[in-house]
Amino acid sequence: MRLFGMPVEKGRWLLIPLGATVLLCLGTVYSWSIFRKPLEKLLNINATESLLPFTVLLIMFAVLMPITGFYINRFGSRMITAVGGVIMGLGYILSSLDGNLQLLTFTYGAIAGAGVGIVYGVPLAVIAKWFPDKKGLAVGLTVIGFGLSPLITAPLAKSLIDSYGVRQTFVILGITFTLIILAIATVLKTPPPDWKPAGWNPNIAVSGSTSLTNSETILQTPAFYGLWLCYTIGTFSGLAAIGISSPLAQEIIKLDATTAASTVSLFAVFNALGRLFFGWFTDRFSPKLAAIVSFTLVLIASLMMLKAGQGTVATYLVAFALFYFSFGGWLAIAPTTTLILFSAADYAKNYGLVFTAYGAGALGGTLLAGRIRDIFGSYTVFFYPTTALAILGIVLAVFMLKRSFSGSTISQAN
């Protein structure tokens, strides 16, 4: 068996950068803070309203991703990737129409968000099946594309907006992303059901694992709810930080718009590194310990931002680097944990259910951040709830994840 003209054990590694490239296109959503100020001026809207399209997109993303997981085996990874890519691109292009906030929320939030949700899980499902022997590392390397996206797309969007305006920028990005995703979709395929890497003999002791191999029974396990709650908290602060990073830098730290946009690109590196580090860390140690470390970083960042003010550039950079690093980590902790706890054969369905936590965190975090800004006139107050939630997350990880992840159901030797 060969892949890309090479022995399959070597050829499968090419699927990781291809999958990461697809996710890089989808990850442009993390550059939304670059669009907010221009759209606020263009549409005469406030901070809460400018977060609405972003929030709706994240919700559509979270809703469609689990649904898609149930259809990958029926329609194939190539077809679903192509359809989702076209829908996402169409949403971007339609967002260029001269309209109001409601229209933008529908075109960018609902349509583009649906496309992102349809595509997102496919590269992860494909990679998970090709790398049963290196699941944490392989998934971490793939999702790095989603987190690293703003490093490329934030300055690109800023440059396009300055040159062509925000509406034309939507058209350019929509066409470009559609073409890239369609091209890569042609080569995304899963291995045969009985395939495993040559020489790989997993040292896994499983007892009674059949109760954890389908998407109906996992809803009856404490492990699912522990992971779901922790994932919700992890995405709450992370997605809000992503949505407010550029305007916060301008309003509180008093950076200019260009410098603020540059910091978004810098933070994208930490988002990506978080995915790689926590993918390895979760595999090497345990999901419980990974969750505790992640929430501790959020707690430190929140306490730092409560003291931030004009000119405290270093505080802002370190704190938001930690927010992005921790959030990126959850995009590796959650899928890797799903692979560790539940059957890889049902990964797309199982992670789809877990991923609904992403939507809950997105809705709570982004809406609260915008509302706090409008009510109190500053984003600083937002870091009180993130402080409290980080502490709650540590408690949940200690007590809710302990038995499920270290108990007798599944023991894993790494």
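What counts and how
- Residues numbered from 1 in each chain as written.
- Predicted model: local features only at pLDDT ≥ 70, side-chain atom pairs only at ≥ 80, totals over all residues.
- Heavy atoms only, no water.
- UniProt positions renumbered as here; feature names shortened; annotations may be inferred.
- Domains from an automatic or database assignment.
- Contact = heavy atoms within 4.5 Å.
- Buried area = accessible area lost by both parts, 1.4 Å probe.
- Salt bridge = Lys/Arg side-chain N within 4 Å of Asp/Glu carboxyl O.
- Polar contact = N/O pair within 3.5 Å; in protein donor to acceptor, adjacent residues only side chain to side chain.
- Helix = DSSP H or I, 4+ residues; strand = E, 2+ residues; numbered from the N terminus.
- Nonpolar A, V, L, I, M, F, W, Y, C, P; charged D, E, K, R; others polar.
- Buried < 20%, exposed > 50% of the residue type's maximum accessible area, 1.4 Å probe, protein only.

For the protein, an unreviewed UniProt entry supplies the name Major facilitator superfamily MFS_1 and the organism Anabaenopsis circularis NIES-21. What UniProt records for the protein under Subcellular location (unreviewed entry) is the sentence "Cell membrane".

(A) Up close: the domain arrangement of the protein. With domains assigned, the protein is organised as domain 1 (1–192) and domain 2 (218–403). With 41 residues of domain 1 at the interface, the matching set in domain 2 holds 48 residues. Of the roughly 3800 Å² buried where domain 1 meets domain 2, counting both sides, 72% is carbon and sulfur surface. Where domain 1 packs against domain 2, one counts one salt bridge. In this structure, Lys-37 and Glu-251 form a salt bridge, with 3.1 Å as the shortest nitrogen-oxygen distance. Here domain 1 and domain 2 share four residue pairs in polar contact (both at pLDDT 80 or more) between them. Mapped onto the side of domain 1 that touches domain 2, the elements with two or more residues apiece are helix 3 (32–43), helix 4 (47–69), helix 7 (101–130) and helix 8 (135–164). A per-element tally of the side of domain 1 that touches domain 2 places helix 8 first, with 16 residues. A per-class count over the side of domain 1 that touches domain 2 returns 28 nonpolar, eight polar and five charged.

(B) Geometry of the environment of Thr-55. You can see Thr-55 is positioned in helix 4. Among the residues examined, Thr-55 registers a relative accessible area of 1% and is labelled buried. Once the C-alpha coordinates of Thr-55 and Leu-239 are considered, the two residues, 184 residues apart in sequence, prove to be 9.2 Å apart. Thr-55 has contacts with Ala-362, Leu-363, Thr-366 and Leu-367, leaving out every residue within four places of it along the chain.

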